[in-house]
Protein chains: 2
Amino acid sequence: MKAIVALGGNALTGKERKADIEKQFEATKNTAKSIARMIKNGWHIGITHGNGPQVGALLLQQKIAMQYVSPMPLHVLGALTQGEIGYIVQQCLLNEFRRQGIKRKIATVVTQVLVDENDEAFKNPTKPVGPIYSDEEAEKMKKQYVMGRVENGWRILVPSPKPITIIEADVIKQLMEDGVVVIAAGGGGIPVIERNGVLEGVDAVIDKDLASQKLANEIEADILLILTDVEYVYLNYGKENEKALEDVSVEEMEKYYREGHFPPGSMGPKIEAAINFIKNGGKETIITSIDKAWDALEGKTGTHIHA
Amino acid sequence: MKAIVALGGNALTGKERKADIEKQFEATKNTAKSIARMIKNGWHIGITHGNGPQVGALLLQQKIAMQYVSPMPLHVLGALTQGEIGYIVQQCLLNEFRRQGIKRKIATVVTQVLVDENDEAFKNPTKPVGPIYSDEEAEKMKKQYVMGRVENGWRILVPSPKPITIIEADVIKQLMEDGVVVIAAGGGGIPVIERNGVLEGVDAVIDKDLASQKLANEIEADILLILTDVEYVYLNYGKENEKALEDVSVEEMEKYYREGHFPPGSMGPKIEAAINFIKNGGKETIITSIDKAWDALEGKTGTHIHA
């Protein structure tokens with residue numbers, strides 16, 4: 001059985017959500033235990049992850065050091081964080097495997113994700129990333145980025161186009177089928193467009209759950225396991241009549257989605273990914289928390305979306 | 001036939017040796033043409049590379065932004081640059097493959113390299129990296145790094161221990177034998193030590209040519225191709241009686257090495273790598289320049305070291 005495990009929320013940085021490196025190793029060690037349990041039970045695993053805090057830290061460093069070192073474009077920063085986070089995950093995972101006597105290889109594969117340069121998102125970049133810049137700083141940043149006015153200065157605005165295909169999907173699939181645990185498509189992947197057959201990086205941020213879903217379909221995973229901070233997806237979340245979802249058909253989920261139960265910035269894209277995965281041939285999407293991953297796979301908890 | 005191609009010098013950054021990102025893409029595009037030629041002729045290739053300018057830029061950013069963002073340890077910075085450079089190389093290579101209709105997959109594999117925590121190098125870190133720090137800055141940096149006095153301030157001093165084994169060698173070998181072009185062990189690899197079976201990153205810099213050689217032996221490469229700025233290795237380099245070396249036995253090369261023809265900081269480690277590769281079962285080490293890579297492989301130029 002093949003699964004793509006999308007790590008989000010506290011999985012890599014702990015509850016404080018800072019990019020402090022010791023905390024990242026610490027949080028990742030715990031996450032590695034959950035993954036090891038899946039491996040021990042025979043699963044073939046591809047791991048995807050976010051990069052928000054890490055890319056935020058790099059952007060802040062670039063901002064402060066701008067006078068001395070040219071800022072790098074966001075697609076290159078994405079590549080940097082794939083190396084960083086991939087390393088941390090593969091080291092923690094390998095140590096856990098050794099502790100438990102699991103003989104499985106691990107590889108982090110730097111991953112590009114194709115987007116359409118005519119994607120509507122490019123016409124109007126709306127997603128603010130990184131720190132706040134002064135007028136003067138923003139002027140310099142305009143060479144590299146689209147800058148947008150905010151209350152007390154400027155922020156980088158990036159488009160969030162839809163992933164079309166995972167450029168390295170074939171290698172990732174091959175590795176997974178050979179039993180290698182693969183870490184890939186970090187931060188939603190490095191966004192690239194294609195012009196006359198030539199790939200070129202663009203400053204954009206692909207939603208990591210949508211990229212994970214695309215990868216899951218392309219490698220023909222059985223399960224897309226989205227690990228986040230909550231054990232269940234809820235209807236009327238935070239309200240008096242909130243209700244945890246357990247088993248839900250894709251049609252039901254689409255109805256709830258249309259009814260506006262899932263906010264765009266958080267649960268929305270996960271639900272969209274969950275639905276897309278099933279509609280494109282996946283068996284089941286599970287959304288749950290890191291510590292419940294195994295119980296959820298055994299069907300004891302979590303929100304399960306199926307055909 | 002399998003080869004490890006170690007890219008150095010101008011291969012990735014061009015003659016200016018700055019980490020400016022457009023120049024990196026430009027220089028790498030040219031390098032991709034040389035690699036494509038090898039691939040077209042049936043070679044199975046693993047690519048290694050340095051990371052000096054890139055890690056230098058990150059260290060400088062960290063220095064300037066230190067008040068706002070905690071500096072990351074050097075092993076993590078190594079991981080960041082593997083993501084960065086791997087991405088640039090794989091994108092340029094894929095574009096060149098597409099242009100020429102070459103159907104080969106490409107993967108960058110984040111690579112850890114084991115070193116011995118009792119390596120003599122750790123007792124006395126001597127290799128200065130990154131920018132110069134003031135007394136005050138150096139005080140803060142001492143939490144993360146060994147700092148050494150230099151004429152006008154302080155610099156980070158790192159040990160340069162010998163590589164013992166490439167942790168991800170088995171995955172890299174498997175991929176190469178499956179025909180995938182692999183980019184690995186960037187910057188000499190991420191240095192890790194082992195304590196009670198647990199891997200842990202250390203602040204050190206492994207020589208990239210020695211790491212390339214280790215990888216070349218472990219994946220059982222036929223050829224180790226070290227690409228640098230000169231077409232030949234010379235005896236009495238820069239002197240009146242300078243002499244280009246063409247075909248040299250490993251014994252001859254050891255003699256020249258002992259005689260002090262090759263300075264420690266530049267050609268020295270390449271020669272050491274060349275010798276080690278043959279002594280550990282490799283067929284031939286070739287040292288030449290990027291633009292002469294193919295001619296050298298055909299035996300028309302370059303310095304060839306063999307048993």
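Everything in this summary refers to the structure shown in the same document. Please read these numbers as outputs of a predicted model, since none were measured by experiment.

For chain A, the helix and strand inventory stands at 10 helices and 17 strands. Referenced to the eigenvectors of the C-alpha coordinate spread, the extents of chain A come out at roughly 55 × 45 × 45 Å. For chain A, the proportion of its 307 residues judged to be buried stands at 61%. Look at the contacts in chain A between residues 6 or more apart in sequence, and 73% of them connect residues 24 or more apart.

Looking now at the interface of chain B and chain A. Each partner contributes residues to the interface: chain B has 51 residues there, and chain A has 51 residues. At the boundary of chain B with chain A, the tally comes to 2 salt bridges. When the shortest N-O distance is used, the salt bridge between arginine 98 of chain A and glutamate 194 of chain B registers 3.5 Å. The interface formed by chain B and chain A holds 19 residue pairs in polar contact (both at pLDDT 80 or more) in total. Where the side of chain B that touches chain A is concerned, the elements lending two or more residues are α1 (21-40), α2 (52-65), α3 (74-100), β3 (106-109), α6 (169-177), β10 (190-195) and β11 (198-201) of chain B. The element that contributes the greatest number of residues to the side of chain B that touches chain A is α3 of chain B, accounting for 13 residues. Class assignment for the residues of the side of chain B that touches chain A results in 28 nonpolar, 14 polar and 9 charged.

Now for the relation of the copies chain B and chain A. Mapping chain B onto chain A is achieved by rotating through 180° and translating by 0.0 Å along the same axis, at an RMSD of 0.0 Å. Within this description, the copies of the chain are treated as partners about a two-fold rotation axis. Taken together, the interface assignments show that 100% of the residues at the interface of chain B recur at the interface of chain A, consistent with an identical surface on both copies.

A few words on the packing of helix α2 (residues 52-64) of chain A against helix α3 (residues 74-100) of chain A. All names here are of chain A. It is the contact of α2 with α3, at a shortest axis distance of 9 Å, that shows an interaxial angle of 125°. Regarding the angle of α2 to α3, the classification is oblique. Note on packing geometry: the crossing formed by α2 with α3 is right-handed. Seen from α2, the contacting residues are Gln54, Val55, Leu58, Leu59 and Gln62; seen from α3, they are Leu74, Leu77, Leu80, Thr81, Glu84 and Ile85.

Quick look at the nonpolar core now. The nonpolar side chains of a soluble globular protein tend to be buried, and buried together. By size, the foremost hydrophobic cluster in this structure holds 122 residues, and its most contacted members are Ile45 of chain A together with Ile45 of chain B. Contact partners of isoleucine 45 of chain B, with chain neighbours within four places excluded, come to Ala3, Val5, Ile35, Met38, Ile39, Met176, Val180, Val181 and Val182 of chain B. Within the second largest apolar cluster, 91 residues are counted, among which are Val171 of chain A together with Val109, Val250 and Met253 of chain B.

This next bit is on the packing of aromatic side chains. Residue and element names in this part refer to chain A. A complete count under the given rule lists 4 aromatic pairs over all chains for this structure. With a centroid separation of 6.1 Å and an interplanar angle of 80°, the aromatic rings of phenylalanine 25 and tyrosine 87 are classed as edge-to-face. Here tyrosine 87 lies in helix α3 and phenylalanine 25 lies in helix α1 (residues 21-40), a separation of 62 residues in the sequence. Centre to centre, the rings of tyrosine 234 and tyrosine 237 are 5.4 Å apart; their planes meet at 35°, and the pair counts as tilted. Of note, lysine 63 hangs over the ring of tyrosine 133, and the distance from its end group to the ring centre comes to 5.2 Å.

Here we come to the side chain of histidine 75 of chain A. Inspection of the secondary structure puts histidine 75 of chain A in helix α3. Relative accessible area serves as the criterion here: at 9%, histidine 75 of chain A is assigned to the buried category. In this structure histidine 75 of chain A touches Ile190, Pro191, Gly201, Val202 and Asp203 of chain A together with Phe25 and Tyr87 of chain B, once residues within four positions along its chain are discounted.

Here we come to α3 of chain B. Residue and element names in this part refer to chain B. When the terminal C-alpha atoms of α3 are compared, their 38 Å separation across 27 residues agrees well with the 39 Å that a helix rising 1.5 Å per residue should span. Judged by how many residues are buried, α3 sits mostly within the fold: 24 of 27 residues are covered. A positive phi of about 70° marks glycine 101, the residue just after α3.

Below, the discussion takes up unusual backbone geometry. A positive phi is found at asparagine 236 of chain A, a non-glycine position, where the angle reads about 50°. For asparagine 236 of chain A, the location among the structural elements is in the loop between β13 (233-235) and β14 (243-245). In this structure, asparagine 196 of chain B takes a positive phi of about 50° despite not being glycine. The residue asparagine 196 of chain B is located in the loop between β10 and β11 in this model.

With that settled, the discussion passes to the sheet that holds strand β6 (residues 146-150) of chain B. Strands pair in a sheet through their backbones, by hydrogen bonds, and they do so in one of two ways: parallel or antiparallel. Residues and elements named next belong to chain B. Spatially, 3 strands are ordered β5-β7-β6 in an open sheet, and the strand pairing comes out antiparallel. The two strands at the open ends of the sheet, each matched to only one other strand, are β5 (127-133) and β6. Each strand of the sheet is rotated relative to its neighbour by a mean of 40°, with strand direction disregarded. Pairing between β5 and strand β7 (residues 153-158): 4 bridges, direction antiparallel. Looking at the pairing, proline 128 lines up with leucine 157 of β7. Along the sheet, α2 makes contact with β5 and β7, crossing β5 at roughly 40°.

This next bit is on the environment of isoleucine 290 of chain A. All names here are of chain A. Within the secondary structure, isoleucine 290 is located in the loop between β16 (284-289) and α10 (293-297). Exposure remark for isoleucine 290: the relative accessible area of 13% places this residue in the buried category. Beyond its immediate chain neighbours, meaning those up to four positions away, isoleucine 290 contacts Gly8, Ala11, Thr31, Ser34, Leu227 and Thr228.

All names here are of chain A. Spatially, β5-β7-β6 is the arrangement adopted by the 3 strands of the open sheet, whose pairing is antiparallel. What marks the edges here is a single partner per strand, and that holds for β5 (127-133) and β6 (146-150). If you compare each strand with its neighbour and ignore which way they point, the axes differ by 40° on average. Here α2 sits on the sheet and contacts β5 and β7 (153-158); the angle it forms with β5, its principal contact strand, is near 40°.

Conventions we followed
- Residues numbered from 1 in each chain as written.
- Chains lettered and ligands numbered in written order.
- Predicted model: local features only at pLDDT ≥ 70, side-chain atom pairs only at ≥ 80, totals over all residues.
- Heavy atoms only, no water.
- Helix = DSSP H or I, 4+ residues; strand = E, 2+ residues; numbered from the N terminus.
- Buried < 20%, exposed > 50% of the residue type's maximum accessible area, 1.4 Å probe, protein only.
- Contact = heavy atoms within 4.5 Å.
- Salt bridge = Lys/Arg side-chain N within 4 Å of Asp/Glu carboxyl O.
- Polar contact = N/O pair within 3.5 Å; in protein donor to acceptor, adjacent residues only side chain to side chain.
- Nonpolar A, V, L, I, M, F, W, Y, C, P; charged D, E, K, R; others polar.
- Least-squares fit on C-alpha atoms with pLDDT ≥ 70 in both.
- Axes fitted to C-alpha atoms, helices over the stretch in contact; angles between N-to-C directions.
- Parallel < 35°, antiparallel > 145°, perpendicular 65-115°, else oblique.
- Left-handed = near helix turned anticlockwise from the far one by under 90°.
- Core = buried A, V, L, I, M, F, W, Y, C linked by side-chain atoms within 4.5 Å.
- Phe/Tyr/Trp six-rings, centres within 6.5 Å; stacked < 30°, edge-to-face > 60°.
- Lys NZ or Arg CZ within 6 Å of the ring centre and 35° of its normal.
- Expected span 1.5 Å × (residues − 1).
- Pairing = 2+ DSSP bridges.

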